Amino acid sequence: MAATSIVMLMMFCNFIHVCFSVIPTCQPTYPPNELPVYKEDVDLLQFAQNLEFSEAEFFLWGALGYGLDRIAPQQAMGGPPPVGVQKANLDSLTRNIITEFGYEEVGHLRILRETVGGIRRPLLNLSASNFAKLIDEAFGYALRPPFNPYGDSLSYMIASYLIPYMGLVGYVGSNPSLQGYQSKRLLAGLLGVESGQDAVIRMYLYERAEMVVSPYKITVAEFTIRISELRNKLAMCGIKDEGIRVPLALGAERKTKSNVLSANTDSISYSRTPAEILRVLYNSGNERVPGGFFPDGANGKIAKQFLQPR
Ligand SMILES: *[C@@H]1O[C@H](CO)[C@@H](O)[C@H](O)[C@H]1NC(C)=O
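Residues numbered from 1 in each chain as written. Predicted model: local features only at pLDDT ≥ 70, side-chain atom pairs only at ≥ 80, totals over all residues.

Per an unreviewed UniProt entry, the recorded name for the chain is Desiccation-related protein PCC13-62, and the organism is Nyssa sinensis.

1. Details of the overall build of the chain
Scanning the chain for helices and strands turns up eleven helices and two strands. Principal-axis analysis of the C-alpha atoms places the extent of the chain at approximately 85 × 50 × 35 Å. Sequence separation of at least 24 residues holds for 68% of the intrachain contacts in the chain that already meet a minimum separation of 6. (Helix = DSSP H or I, 4+ residues; strand = E, 2+ residues; numbered from the N terminus. Contact = placed C-beta atoms within 7 Å.)

2. Notes on helix α10 (residues 274-281)
Burial analysis of α10 places seven of its eight residues in the buried class, which makes it a mostly covered element. Buried residues along α10 sit against α2 (39-64), α7 (164-174), α9 (220-235) and α11 (301-307). (Buried ≥ 20, exposed ≤ 12 C-beta atoms within 10 Å, placed from the backbone.)

3. Here's the deal with the packing of helix α4 (residues 92-116) against helix α8 (residues 181-207)
In the contact formed by α4 and α8, the axes pass within 11 Å of each other and the chain directions differ by 165°. The angle between the axes of α4 and α8 places the two elements in the roughly antiparallel class. Between α4 and α8 lies a crossing whose hand is left-handed. Every residue of α8 that contacts α4 at I97, F101, E104, H108, I111 and T115 is listed here: Q182, L186, L190, V193, Q197 and V200. Broken down by class, the residue content of the contact of α4 with α8 amounts to seven nonpolar, four polar and one charged. (Axes fitted to C-alpha atoms, helices over the stretch in contact; angles between N-to-C directions. Parallel < 35°, antiparallel > 145°, perpendicular 65-115°, else oblique. Left-handed = near helix turned anticlockwise from the far one by under 90°. Nonpolar A, V, L, I, M, F, W, Y, C, P; charged D, E, K, R; others polar.)

4. Topic: the site of the ligand
For the ligand, the full set of nearby residues is V83, G84, N125, S127, S129, N130, K133 and P295. A breakdown of the residues in the shell around the ligand according to their chemical character gives two nonpolar, five polar and one charged. (Near = placed C-beta within 6 Å.)

5. Regarding unusual backbone geometry
That bond from R144 to P145 is cis: its omega, -10°, falls within 30 degrees of zero. Its place among the elements puts P145 in the loop between α5 (128-139) and α6 (153-160). The amide bond that connects S214 to the next residue, P215, takes the cis arrangement and shows omega of 5°. On the secondary structure map, P215 appears in the loop between β1 (212-213) and β2 (218-219). Its identity is not glycine, yet R254 carries a phi of approximately 55°, on the positive side. Its place among the elements puts R254 in the loop between α9 and α10. Positioned with a positive phi, S267 is a non-glycine residue whose angle comes to about 55°. Relative to the assigned elements, S267 resides in the loop between α9 and α10. The class for S267 is exposed, based on 10 C-beta atoms found within 10 Å.

6. Looking at α5
Compared with the 16 Å implied by 1.5 Å per residue over twelve residues, the 17 Å span of α5 between its first and last C-alpha is a close match. Considered for burial, the residues of α5 that qualify are N130, F131, L134, I135 and A138. Projection of α5 onto a plane perpendicular to its axis shows the buried side chains occupying an angular sector of 135°, all on one side. Looking at the residues trailing α5, positive phi occurs at G140, about 80°. (Expected span 1.5 Å × (residues − 1). Arc of directions from axis to C-beta.)

7. Some details on the environment of P32
Here P32 is to be found in the loop between α1 (3-16) and α2. Separated by 35 residues in sequence, P32 and G67 have C-alpha atoms that sit 41 Å apart.

8. Quick notes on the packing of α6 against α8
Relative orientation and spacing of two packed helices are given, respectively, by the angle between their axes and the distance between those axes. Contact geometry of α6 with α8 gives a least axis separation of 10 Å together with a crossing angle of 135°. Relative to α8, the element α6 lies oblique. The handedness of the crossing between α6 and α8 comes out as left-handed. Residues M157, I158 and S160 of α6 form the contact with α8, whose own contacting residues are I201, Y204 and L205.

9. With respect to the nonpolar core
Counting 69 residues, the largest nonpolar core has I158, Y161, M166 and L281 as its most contacted members. The element that contributes the greatest number of residues to this core is α2, accounting for twelve residues. (Core = buried A, V, L, I, M, F, W, Y, C linked by C-beta atoms within 7 Å.)

10. Details of the environment of Y204
As for its placement among the helices and strands, Y204 is situated in helix α8. A residue is classified by how many C-beta atoms lie within 10 Å of it, and Y204, with 19 of them, is partly exposed. Sequence separation of Y204 and V169 is 35 residues, and the distance between their C-alpha atoms is 20 Å.

And the structure:
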């Protein structure tokens, strides 16, 4: 650069009292020799898309009465429409929360697809009878009438307790395996919002912990405890899931029986592997046996590998 240009630049800086050195930096500096997304990151992030699909469809349909095929059909990538999902009978507070959650999942699916390419939307079974089956299993007997997630706001939020938490623990689980800075940035951002959603759902239920879920004689707290116990049983890896009330031994620093957040002895979030998550979401206790919310299994390399005959 010619000396005159430097002088001109200095004069310019002086004149407006702003120079390049004081322009605030808004982008983090990433490690210079790293790739944004490593090949190995792709499978883990695509696995996450399965969970995001189930949440997107459950929330959008529950709040609005329609889902991805109307709002963002390209996200489905030709996958089949969900089975049995429907609009829920929600009050306005609950509907507003769930509408927001649903649109958040649309954003998650978009950024995942932009970052690692999409997977086809898997077949999802979100029918009332499928939720009822899960709840019956959680209690060990058949509720009469069968649990209906779409019947009222409280039932819907109990059913919602089933979903973002699996994303949360799955994201904590994938984090150590990701290498690329863009992959890590994305995962942290997804984890933040999934755990926020889970916290909102838990707080909603916590505020109503002693309420009886009509028409049953069962409290909200009991529902959360039974669902968490079922998930621990299906995942087969000990306690990584806790209801909104716990024995002191599981409370924060063993000092609380209240458990508005589910976390381990150091009060950090539990972590689950893809296999554990599939055992729960397939409701089969076996990552090689699809069922539950994913009658044909989840999509992407990680889930498909479990389905290959050995
Ligand atoms: C959905 O789940 C219900 C209850 O488990 C079951 O009866 C129904 O056959 C399932 N539908 C599909 C398409 O898997």
